Protein chains: 6
Amino acid sequence: MWKLRALKKFPFGGLYKNKEETKISLIGAPLDLTNSHAPGTYLAPEAIRRIAESLEWYSLLYEGDFSENGIYDEGDLVLFPGKVRENIDLISESLLDIKEEKRIPFMLGGEHTVTLASSKLLDEDTLLVVFDAHFDLRDEYLNSNITHATVMRRIVDNFEPKNLLFIGTRAVSQEELDFVKKNQIEYITSRRIWLYGISEFARNIERKLEKFGKIYVSIDIDAVDPGYAPGVSTPEPLGIDPHMFFGLLDPLVNEKLIGLDIVEVNPIRDAGEATSALAAKIVIESAIKLNKIYNKR
Amino acid sequence: MWKLRALKKFPFGGLYKNKEETKISLIGAPLDLTNSHAPGTYLAPEAIRRIAESLEWYSLLYEGDFSENGIYDEGDLVLFPGKVRENIDLISESLLDIKEEKRIPFMLGGEHTVTLASSKLLDEDTLLVVFDAHFDLRDEYLNSNITHATVMRRIVDNFEPKNLLFIGTRAVSQEELDFVKKNQIEYITSRRIWLYGISEFARNIERKLEKFGKIYVSIDIDAVDPGYAPGVSTPEPLGIDPHMFFGLLDPLVNEKLIGLDIVEVNPIRDAGEATSALAAKIVIESAIKLNKIYNKR
Amino acid sequence: MWKLRALKKFPFGGLYKNKEETKISLIGAPLDLTNSHAPGTYLAPEAIRRIAESLEWYSLLYEGDFSENGIYDEGDLVLFPGKVRENIDLISESLLDIKEEKRIPFMLGGEHTVTLASSKLLDEDTLLVVFDAHFDLRDEYLNSNITHATVMRRIVDNFEPKNLLFIGTRAVSQEELDFVKKNQIEYITSRRIWLYGISEFARNIERKLEKFGKIYVSIDIDAVDPGYAPGVSTPEPLGIDPHMFFGLLDPLVNEKLIGLDIVEVNPIRDAGEATSALAAKIVIESAIKLNKIYNKR
Amino acid sequence: MWKLRALKKFPFGGLYKNKEETKISLIGAPLDLTNSHAPGTYLAPEAIRRIAESLEWYSLLYEGDFSENGIYDEGDLVLFPGKVRENIDLISESLLDIKEEKRIPFMLGGEHTVTLASSKLLDEDTLLVVFDAHFDLRDEYLNSNITHATVMRRIVDNFEPKNLLFIGTRAVSQEELDFVKKNQIEYITSRRIWLYGISEFARNIERKLEKFGKIYVSIDIDAVDPGYAPGVSTPEPLGIDPHMFFGLLDPLVNEKLIGLDIVEVNPIRDAGEATSALAAKIVIESAIKLNKIYNKR
Amino acid sequence: MWKLRALKKFPFGGLYKNKEETKISLIGAPLDLTNSHAPGTYLAPEAIRRIAESLEWYSLLYEGDFSENGIYDEGDLVLFPGKVRENIDLISESLLDIKEEKRIPFMLGGEHTVTLASSKLLDEDTLLVVFDAHFDLRDEYLNSNITHATVMRRIVDNFEPKNLLFIGTRAVSQEELDFVKKNQIEYITSRRIWLYGISEFARNIERKLEKFGKIYVSIDIDAVDPGYAPGVSTPEPLGIDPHMFFGLLDPLVNEKLIGLDIVEVNPIRDAGEATSALAAKIVIESAIKLNKIYNKR
Amino acid sequence: MWKLRALKKFPFGGLYKNKEETKISLIGAPLDLTNSHAPGTYLAPEAIRRIAESLEWYSLLYEGDFSENGIYDEGDLVLFPGKVRENIDLISESLLDIKEEKRIPFMLGGEHTVTLASSKLLDEDTLLVVFDAHFDLRDEYLNSNITHATVMRRIVDNFEPKNLLFIGTRAVSQEELDFVKKNQIEYITSRRIWLYGISEFARNIERKLEKFGKIYVSIDIDAVDPGYAPGVSTPEPLGIDPHMFFGLLDPLVNEKLIGLDIVEVNPIRDAGEATSALAAKIVIESAIKLNKIYNKR
Ligand SMILES: [Mn+2]
Ligand SMILES: [Mn+2]
Ligand SMILES: [Mn+2]
Ligand SMILES: [Mn+2]
Ligand SMILES: [Mn+2]
Ligand SMILES: [Mn+2]
Ligand SMILES: [Mn+2]
Ligand SMILES: [Mn+2]
Ligand SMILES: [Mn+2]
Ligand SMILES: [Mn+2]
Ligand SMILES: [Mn+2]
Ligand SMILES: [Mn+2]
């Protein structure tokens, strides 16, 4: 029974909710094994839960209150020390359990590698939208093939490349770019977003969505500029502005959404908890919008 | 005599000035009692004074030099440990003493609660402009009624709500929003500022000012985006850009200004003293503009 | 022989390159003697080299890969403890040695004072472009005349003021402004860049470049807004956005470029290494563009 | 019902225990209102709980295992922002509730002021042993009379001075020393402990214990030398060594013990969590000894 | 060829030495995968190398100068991200290569798990002395069996328990203690060292050494009290004093020594680099003593 | 007039005293130019003054109260940026001015180099006692001859070596040791103090004092073990315990004392302000003892 695999923590925002009140399950996956420049993402679930207490819970945009339905906080998965593959399997099973209960998982990483666990949720009708400064599409990284730098490549091993959309791209390798072009993977660079604004891109996204019945959103917080999100392991300059980020996220949060993750938040390197607050805000705003959708039904 | 209540500190920017040279009195009010997530604002007056030494003192915008007239630094109030009400009274008396000397107080918090002390300076002919991510209009917060989260409500207990203008709003509770609507309090969200730019809002502010003989400005530094001002206790994403902030502050700094406070700067959580520098810059630019106005006379 | 004066370090980005592969020589000049508010720039060369490992090396803008030609990392100069003049001479000799080998120095400070050493590279046909929040044009600073606050004045002692262009200006003294006006030195304030965008300024720069056969670029990282670059000793609010910064740097990086320095990065005060990453990105992007130019020939 | 006043947290050491397994109740009292030099003790309960996970749980000294009976973690009291008196009352009621259930409270501060709440547990048959660098016996501190610097004086207002024993004393005011002498309060300075070792003092303590039926132990962690316990708000050099501290604590932990508190741990100022670890170790060792005593019965 | 596996770094203390000058090879093994409370040991080799520049190099005790023969710094092993077993094998091969060259490896961790790689150097004639607060003798830890908490158990899987000596023990589990007793493993607790001083224990160690032809010393820096060595991942109070630590290390450093490691230094959690300095001091003093022994021959 | 050279700061401990009340003048000399490993001593005078507010002011040892006579705080010298020699001269003049007023200077560094300025106070009847882990007796350090590593050698250039006594020695170079032996300079290693305790050494010091009419004490805080004083630029393990330090300082503080300095405190690297507190304690205890001596007269 998967519940045994998770350790109950002080819940997100200090808000105790029952499963019945919301379709959203928050699950922490503090995997932090393959970044040797600056570990610290293992602290993210706790940091995000904690700062959420200090944020306000009414959404001026979605005109709803987070405290009404909130999220159900499953706690953090108890990971195996030093084992990547085993942990990905563990996380996968948990996500599948959540799916089986017809609930929508919001996963808090940990490193981006945890998104590999989500690939079990994806099928050919799913659009996978990845906010990230990077592609994470290397085939191998320092002789390892399941890492934060290869995670999207591992996903594409069993997933249609054309179902992928990258947003915020700016830091790539030649190998990755060749792969992207060869496989006709779509990406929107942060430079183009800065140059042209978000309106057109938001429209494009909406158009693309029409072709898919499901959406999964993976948010590597380093998509946002390190000026706003310094708490990351690999700060890449020239990112996207949070106002624009939320503008691009908005069309993706709707009844098609089957899951979402927020990864690579590194509280050790943060300034004033700004990055954790950004992550908590994503949870709150998305949950309010989704809860309203499901309550109307 | 109020001077006994303040402890002289190394003055703002290291600049020793006599009272005669300027109408502005700087006073530190390091009250830091009601934020249990992240205290630290008690350090702000000292941090702001210190970083001011490293900033340049000529204003390209107002074409004047801060070192000419500067400000008179009264030092920091010696507060009673663990007493909110008593400290608000103490601060009030000091502000009234400054007013009595026909001087303009620039108060450095401390938490936003210190603005309650300023309410003694306000009358029906005063426009109270509050830069803040929040409303601070709760009636009660964790069973206490004088806190950083309720301070504006306490002010409104004895002040006409329509004389209030909030700028930078983005983090509210349902209760506060209901109160604001019921009392027709005007607010400009940071989202609208981001969407439309400041020109129109600056004109609106100017129009509104015409109806009032006096202005008091309270600046909760968390109005600014945590990307630029990470040194705050409650970082709320999606704030306003400093260029825009100064554009909106400009029309408020004129001969009608009877007082100004800068609150919620938390040096413990800052990055590179950027938030303290922003606060010091507000003091310097505003003082230069005001000193020029009063010297011309 | 100058090579004796430099201590080999773990190279920039961990990338070992031979001199033959590139015309660019990276040299660290960790001088940190005249800033008494917040030393720390002595740590910059090491921090920038280290974070470069975590950045990606393909440039989407210049369509080239840093790992192909890279830079040749000369290591760090071993400075004399507590001696400004002697160290400037030492750095000058090193830069002249690099010039003699027909190579282009990319110097990593240290404080801005190191640019005085570069003045040996300049002649009347050289445009000196300085990105900086400040002018650094005081004649004396606390009774010393070779400091981070007077370095540009010392350069102008033997250099035509009209060959100077400041970009990002916002923090000046009256004395400096008078000097600038009297000597018709051109400057572009960060406020104008924010108000009008970069297109027109980029064109102006290109027009100005036509008159000169050589360019030297000195980048005081505090030109960038402290929101994006908090790791500086004197954070001045209201700076330029990194997207705009790179837009203005682009026209300056071409076959006329004879040298470039990045100074005032202070890793102690940084958040999430964002400022060091920005500096490393400048090196990478500029090197890719230059290497492509020289390889085509 | 007092349970409503406490918020369940992730339990001490991550060890979920039922009330039946142990007589000890851990309760967090994160009061942090009267220290204006360096707040931070509000973070102590969470930090101590967390580091306890990393400590080992078998006691070589008492030959028992903490995981067997452990402690029951009641969570943290939800305090009123900015109210000292009200919070002391709240804490008192909670402690009395615990006493009523015939349980032994282990309270984690917060500032030393919380011990005033414990005075409700004391009677004339109780020996109050206070480990502290200070006496905290001032009558008033900056015009306030319930503070971390006056807490023992407030206790003595209603408690027999001769029932007090201070250990670790080294930082006193003339006023306090006069009071101590006048009231024949016993104290053991850290200097004498350093000079003579603990054997004789431990014997003295045992002799003194014979006269009392009950013991309450209050541990201001600053009794320990700041070399070992840097995470305190007022580091006083020349304290006691942890080995000696545990040697002096040992005779006090027995069936007479009616309560214990550990206060003034300030995680913000700690090094490597050493101070939090020391506090957690006190809880673990004392619980093991007590649980064994009560299980034997 | 193993040299390909190591990346040359700026050498220990900045001292470039040839292999011929000394029999000692320093090798960094920054493995940091199985501690999820507080990673950071991956930074230790670089931190220890760097602080060594600031220490003096003459040993008053051994009357020799480190700069004379020094050590040969092989650099750091390039580890596979997220792979424990593979990395242990990689480290083993490197240590065997060093052994093959008849050199003595001084390994800098990384977590204690790296000592498992050293077990390839051990045979029945080797005494393995482990300075550690812990036994690290669990059979499994959170479902993993190669971790910092199980490393000694994995070694004992293929090594005679009676060849083990633990020094500094104070934090154990019941399971470990049972195992130790059953297997008659010798250990000296830090408490006994504190109570009785080191003279007798040093004599015991010397006596024990007589039975063995070889010694390997593994130093988990948490053996030392966290007051002196706060930069560790699991600070256990009541450790040993550095003066005593060096007194107990001295008899172990002689011609029988076949290898030594220093592990669990965590620079992120250090205070004033004191823990890194302690590690560097161990390298310097031990190298001086050994170099003198081998030079005399 | 020298007073112009000093900038008044918020006084030591917040205690405003007139010159008449005490013979002791505190002067800050925040020189921080020659340590390139870890600058930060420039912050020491401010940090020491500030923490002094949190310490208690009654001395149990000397039975006197610091607040009675205290010290007169002259403020901090305004140093020339980047100039060693000039600053030493400036400091010298200030010390001579203080001497001329028949006052006793207590100087707070800054780096140890400032003690060179004190050499103007010394004559052949003066014993110079230096607490230090190091000798600072190199003739040259990285081609500079006035640095923190050569300061004692510069003093000895014009001072009788036999009038020197080093206490706490443990980190030396071969060159220094040779010089010490050749010049018969006396030193007491920290190792001998640890081995034998302080009684005998204190007696030796007293005997030595008899031969001199004057004493100057220079305290490089790194004499103390980095466990207790981590806030230093060059942490050397195996130092002296603070209890022992004060025991050895005591015989030196008497009517022969003509000056004292406390140097190398580096607040950036401190833990919980423990090192600054130690420095402040030295000022307080020494001032109480001296004030009592001079008041009795
Ligand atoms: Mn990613
Ligand atoms: Mn990424
Ligand atoms: Mn507010
Ligand atoms: Mn606010
Ligand atoms: Mn500059
Ligand atoms: Mn600048
Ligand atoms: Mn206390
Ligand atoms: Mn205390
Ligand atoms: Mn271990
Ligand atoms: Mn251990
Ligand atoms: Mn020294
Ligand atoms: Mn020293």
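Residues numbered from 1 in each chain as written. Chains lettered and ligands numbered in written order. Predicted model: local features only at pLDDT ≥ 70, side-chain atom pairs only at ≥ 80, totals over all residues. Heavy atoms only, no water.

A closer look at the relation of the copies chain A and chain C
Definition in use: Superposition of the copies was done by least squares, using only C-alpha atoms of residues whose pLDDT is at least 70 in both. Residue contacts are defined here by distance: any two heavy atoms, one from each residue, within 4.5 Å place the two residues in contact.
Between chain A and chain C, which share one sequence, the superposing operator has a rotation angle of 120 degrees and an axial displacement of 0.0 Å; the RMSD is 0.0 Å. The symmetry that links the two subunits is that of a three-fold axis. Interface overlap between copies is the fraction of interface residues in one copy that are interface residues in the other; for chain A against chain C it is only 11%, indicating separate surfaces.

Quick word on the interface of chain A and chain B
Convention followed: Once two parts are joined, some of their accessible surface, as seen by a 1.4 Å probe, is lost; buried area is that loss totalled over both. When a carboxyl oxygen of Asp or Glu lies within 4 Å of a side-chain nitrogen of Lys or Arg, that pair is called a salt bridge. Whenever two N or O atoms come within 3.5 Å, that pair is a polar contact, provided that in protein one can donate a hydrogen and the other can accept it, and provided that, for residues adjacent in sequence, both atoms are side-chain atoms. Note on conventions: DSSP H or I runs of at least 4 residues are helices, E runs of at least 2 residues are strands, and numbering of each starts at the N terminus. All residues other than Ala, Val, Leu, Ile, Met, Phe, Trp, Tyr, Cys, Pro, Asp, Glu, Lys and Arg, Gly among them, are scored as polar; the first ten of these are nonpolar and the last four charged.
The partner chain B presents 28 residues to the 25 residues of chain A that form the contact. Around 2300 Å² of area is buried between chain A and chain B when both sides are counted, 61% of it from carbon and sulfur atoms. Of all residues in chain A, A:Glu56, A:Leu60 and A:His243 bury the most surface against chain B, accounting for 31% of the area lost on that side. One can count 3 salt bridges joining chain A with chain B. A salt bridge links A:Glu56 to B:Arg138, with the shortest nitrogen-to-oxygen separation between them at 2.8 Å. Counting every contact that joins chain A to chain B gives 11 residue pairs in polar contact (both at pLDDT 80 or more). Those elements that place two or more of their residues in the side of chain A that touches chain B are helix H1 (44-52), helix H9 (242-249) and helix H10 (274-296) of chain A. Residue composition of the side of chain A that touches chain B, grouped by class: 15 nonpolar, 4 polar and 6 charged.

Section: the coordination of the manganese ion (ligand 12)
Residue and element names in this part refer to chain F. Using the following cut-off: For Na, K and Ca the donor cut-off is 3.2 Å, and for all other metals it is 2.8 Å, counting N, O and S atoms only; because water is absent from this set, sites may look incomplete. Exposure is judged per residue with a 1.4 Å probe applied to protein chains only, and the accessible area is read against the type maximum: over 50% gives exposed, under 20% gives buried, and values in between give partly exposed.
Looking at the manganese ion (ligand 12), the protein donor atoms are Asp132 (OD), His134 (ND1), Asp220 (OD), Asp222 (OD) and Asp222 (OD), and they sit 2.1 to 2.5 Å from it. For the manganese ion (ligand 12), all donor residues lie on one chain, and their spacing in sequence is D-x1-H-x85-D-x1-D. On the basis of relative accessible area, Asp220 is assigned to the buried category, the value being 2%. Residue Asp222 is classed as buried on the basis of its relative accessible area, which comes to 3%.

As for the coordination of the manganese ion (ligand 10)
Residue and element names in this part refer to chain E. Protein-derived ligands of the manganese ion (ligand 10) are Asp132 (OD), His134 (ND1), Asp220 (OD), Asp222 (OD) and Asp222 (OD), with the metal-ligand distances lying across 2.1 to 2.5 Å. Ordering the donors of the manganese ion (ligand 10) by residue number gives the pattern D-x1-H-x85-D-x1-D. Between the manganese ion (ligand 10) and the manganese ion (ligand 9) the interatomic distance amounts to 3.2 Å, and Asp132 serves as a bridging ligand to the pair. This pair shows no difference in class: Asp132 is buried, exactly as His134 is.

Side note on the UniProt feature "binding site: Mn(2+)" (unreviewed entry) in chain A
All names here are of chain A. Which entries qualify depends on this criterion: UniProt positions are given in the numbering used here, feature names are shortened, and annotations may be inferred rather than shown by experiment.
Annotation from UniProt places "binding site: Mn(2+)" (unreviewed entry) at His112, Asp132, His134, Asp136, Asp220 and Asp222. Separation in sequence by 111 residues is not matched in space for these annotated residues, since their most distant C-alpha atoms are only 12.1 Å apart. The contact partners of Asp136, leaving out residues within four places of it in the chain, are His112, His148, Ala149, Thr150, Val151, Met152, Arg153, Glu176 and Asp220.

Looking at the pattern of salt bridges
Tallied over the entire structure, the rule returns 90 salt bridges over all chains. The shortest N-O distance in the salt bridge between F:Glu46 and F:Arg49 comes to 3.2 Å. Of this pair, F:Glu46 and F:Arg49 both sit in helix H1 (residues 44-52), 3 residues apart, which is roughly one turn of the helix. Under the relative-accessibility criterion, F:Glu46 is labelled partly exposed at 31%. Residue classification places F:Arg49 among the buried residues on the basis of a relative accessible area of 3%. Overlapping salt bridges, with partners in common, bring together A:Glu46, A:Arg49, A:Asp73 and A:Asp76 in one network.

As for the arrangement of the chains
Of all C-alpha pairs spanning chain C and chain D, none lies closer than 18 Å, and the two are not in contact. The two units chain B and chain E remain apart, with a minimum C-alpha distance of 18 Å.

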